[in-house]
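# Examining the three-dimensional arrangement
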Amino acid sequence: MDEYKKKQYLFLRTTGRTSATAATSSKALWEVEVVQHDPCRAGAGHWNSLFRFKHLATGYYIAAEVDDDDLTDPMREKLRGAPDNPVYCLVPIPYGNDIASIFEVDATTAARGDMMVPRSSYVRLRHLCTNTWVHSTGIPIDKEEDKPVMSKLGCALLREDKEAFSIVPVSPQEVRDLDFATDAGKVLSNIGGQLEKGSITQNEKKAVISLLNDLLYFVSDTDKNQFDDPLEIKMTNPDRERQKLMREQDILKQIFRILQAPFKDRGDGPMLKMEELGDQRYAAFRHICRLCYRMIRHSQDTYRKNQEYIAKQFGFMQKQIGYDVLAEDTITALLHNNRKLLETHIRGAEINTFVNLVRKNKECRFLEYLSDLCVSNYVAIPITQELICNAVLAAANADILIETRLVRTQIEVEREDARPEDAAVAYEEEEEVFLYWDNGRKYKSIRELAVGAANGKADDAKVLQYYRYQLDLFANMCLDRQYLAIDKLSQQLDIDLILRCVEDNALPHDLRASFCNLMVHMHIDRDPQEVITPVRYARLWKEIPTKLSIADYDGGHHASGNASRTKFMDTIRLVENYLCDLVNHSWLFSNTEQNKLTHQVVRLARHLIYFGFYSLTDLLRLTKTLLSILDCAPDAELGAMPNGKLGGTSV
């Protein structure tokens, strides 16, 4: 039973699932009541008993009434009998003391009337008052929809043996969950009504906060002792059935109503403005909004149906971004790895909203949100990539980015061979990577920032963290050969500059890892590089040589890539030197931050191999290095460890 066009209907639901029994719903749960002369008396149901069917979620009962629908249906015409016989349809009624709500059940197998009805059984239903049998029809209730799924249930004079219904018992826990959800929905509906009227007491605020807390623990299936603050709850194993209850019992609907109600203009102005949420006087309203958005986030976690339902409110949620109510966190979680929603709902206006939030707050998380919008399941989404590139790289938004420059600086060097009459100090020039922010008004070398962050300087650490998130955003903007970003960014972040930063041991490991990732997507995975096929499994006999050496193989497969290989020789050397150095250290894999860098260096090596930058000789040497790393210790039987020199003899 469900509401359609503000009216309750009884129907059989069409499902697209391979198994109809998998299409469970809290709206299809019924309580079977045995009719007794004494209404206070209970008891087991027998085949000769009378029954009522009560809808658990709404308390409505099933009844039958004359159906005047003139639509023809084969099953109805077959079971009508004489053409002038009336036909009926099942309808919900809000009370159970009507004789029209009484039914008999008929067994599909031989059974005595005094036998109890088994908990799991197939039955035919006969309406007592009209002496008709319940059957299915093909008459749609939602006929105006593109794909009708609600089919009317009818009653006719003749019985069809195949028109049987399954009685399926459910667990007591499922009933308790439904009772809690329906009660919560009613309370939230009352609170929403109070907010729309502009009158809510302090006690009502406390009550709704307490209820939202309980709902968060409920939907996430966590114990209150695990998390003191419900906002800190992390969903590890989403409960699909409880998430479904949030949608089916209109809890999500009421939550959106609560989020909208205080800010609606009723003619004399809204009760509250979004800009006022930062005021301590309205801390309770801000907390309610934060709890609501956290509920929305947990309700959609890995659940497509809820995601599609929530996405209908995307435009409204976007209006509440930037007011510290977790709207942006919820939107990002909703769109994360959801290509369909990303392509449907993300437009230039949404991207500009996030860009403005970056400018306003200077927080890394907003850069991370933009980065997430570029990809879905590690695959680039060209539409949103292009929108983000146009917005982030526009001249008007240059103030939100940190600029990277290679600057020549003079350093003092003590002269060892200086004569008494000569100066004891000489000056040498070297190139150093500098970062410029606040439209170039502030700048520091990246190494100086790293040293400052390591020594506890909060400002330096903040700038460096922001820069790292910016690099990750750039990498996702360039992902899968997005040349709109590659062509603009590669001029500032060339191969030499990136290699300097990756090689610099003074920089944090996670920052060097981000540079490695950027190298892959900006410089390696782009034209003219193409993935090579190392082995062709289907070949002609005449193409297979009788003798083949490593030198012959390298000569035939790498002659065309010499120019590109020369361009990336320093990158190849960096990879091999890093991996060889890794083997010779006893702290292998013990440093989690170092492991992030190692992972990116190995990814870098993999892409270099895929694009044919490694000869077979060098690849064999690299393989031995990687195997030594996996062994976590040098193996004496392998001889000396690889020295990392290109073209050297293999171990």
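Now for a look at the structure at hand. (Residues numbered from 1 in each chain as written. Predicted model: local features only at pLDDT ≥ 70, side-chain atom pairs only at ≥ 80, totals over all residues. Heavy atoms only, no water.)

### Points about unusual backbone geometry
Leave glycine aside and you will find that most residues have negative phi; peptide bonds, for their part, are mostly trans. Basically, it comes down to this: Strands here are runs of E lasting at least two residues and helices are runs of H or I lasting at least four, both read from the DSSP assignment and numbered beginning at the N terminus. For the exposure calls, accessible area comes from a 1.4 Å probe over protein chains only, and a residue counts as buried if that area is under 20% of its type's maximum, exposed if over 50%, partly exposed in between.
The peptide bond linking Asp527 to Pro528 adopts the cis configuration, its omega dihedral lying at 5°. Note on placement: Pro528 falls in the loop between α18 (509–524) and α19 (550–558). For Asp250, which is not glycine, the phi dihedral falls at a positive 65°. Structurally, the position occupied by Asp250 is in the loop between α4 (240–248) and α5 (251–260). Take Asp250: its relative accessible area is 33%, and that puts it in the partly exposed class.

### A closer look at the packing of helix α17 (residues 495–503) against α18
Selection rule: Inter-axis angles, ranging from 0 to 180 degrees, are taken between N-to-C directions of lines fitted to C-alpha atoms, where helices are fitted over the stretch in contact. Just so you know how the angles are binned, under 35 degrees is roughly parallel, over 145 roughly antiparallel, 65 to 115 roughly perpendicular, and the rest oblique. Crossing handedness follows the turn of the near helix against the far one: under a right angle anticlockwise gives a left-handed crossing, and clockwise gives a right-handed one. We call two residues in contact when some of their heavy atoms are within 4.5 Å. Gly falls in the polar group here, along with every residue not listed as nonpolar (Ala, Val, Leu, Ile, Met, Phe, Trp, Tyr, Cys, Pro) or charged (Asp, Glu, Lys, Arg).
Between α17 and α18, the shortest axis-to-axis distance is 8 Å and the interhelical angle comes to 155°. When the axes of α17 and α18 are compared, the pair comes out roughly antiparallel. Classified by chirality, the crossing of α18 by α17 is left-handed. Within the contact between the two elements, α17 uses Ile495, Leu497, Ile498, Leu499, Cys501, Val502 and Glu503 and α18 uses Arg512, Phe515, Cys516, Leu518, Met519 and His523. A breakdown of the residues in the contact of α17 with α18 according to their chemical character gives 10 nonpolar, one polar and two charged.

### Details of the pairing of strand β9 (residues 121–127)
To keep it simple, the criterion reads: Here a strand pair is declared whenever DSSP counts at least two bridges between the two strands.
Most of β9 sits inside the fold, with six of its seven residues counted as buried. Summarising the sheet, β9 and strand β12 (residues 165–167) pair through three bridges and their orientation is antiparallel. Across the sheet, the residue bridging to Ser121 is Ile167, located in β12. Note: β9 against strand β10 (residues 132–140), two bridges, orientation antiparallel. Note that in β10 the partner of Arg126 across the bridge is Trp133. Joining the antiparallel neighbours β9 and β10 is a turn of four residues, in which Asn131 adopts a positive phi near 55°.

### Observations regarding the pattern of salt bridges
Note that side chains of opposite charge can pair when their charged atoms are close. Put simply, the rule is: The salt bridge definition used is simple: a Lys or Arg side-chain nitrogen within 4 Å of an Asp or Glu carboxyl oxygen.
Under the criterion given, the structure shown has 44 salt bridges. Arg242 is paired through a salt bridge with Asp239; the nearest N and O atoms lie 4.0 Å apart. For Arg242, a relative accessible area of 12% translates into the label buried. Close ionic contact of Asp618 with Arg565 constitutes a salt bridge, the shortest N to O distance being 2.8 Å. Linking Asp618 in helix α23 (residues 616–631) with Arg565 in helix α20 (residues 562–567), this pair joins segments that are 53 residues apart in sequence. Under the relative-accessibility criterion, Asp618 is labelled buried at 5%.

### Description of a positive patch on the surface
Just so we agree on the cut-off: A patch is a set of surface residues, each over 30% in relative accessible area and not in a salt bridge, joined within 9 Å for like charges and within 5 Å for the nonpolar side chains Val, Leu, Ile, Met, Phe, Trp and Tyr. Using a 1.4 Å probe, the Shrake-Rupley method yields the accessible areas, and only the shown protein chains count as cover for residues. We count Lys and Arg on the positive side and Asp and Glu on the negative side, and we leave His and both chain ends out. We put the charge of a Lys on NZ, of an Arg on CZ, of an Asp on CG and of a Glu on CD.
The grouping of Arg13, Arg17, Arg240, Lys305 and Lys312 at the surface amounts to a positive patch. Mapped onto the elements of the fold, Arg240 is located in helix α4. When its relative accessible area of 38% is taken as the criterion, Arg240 is described as partly exposed.

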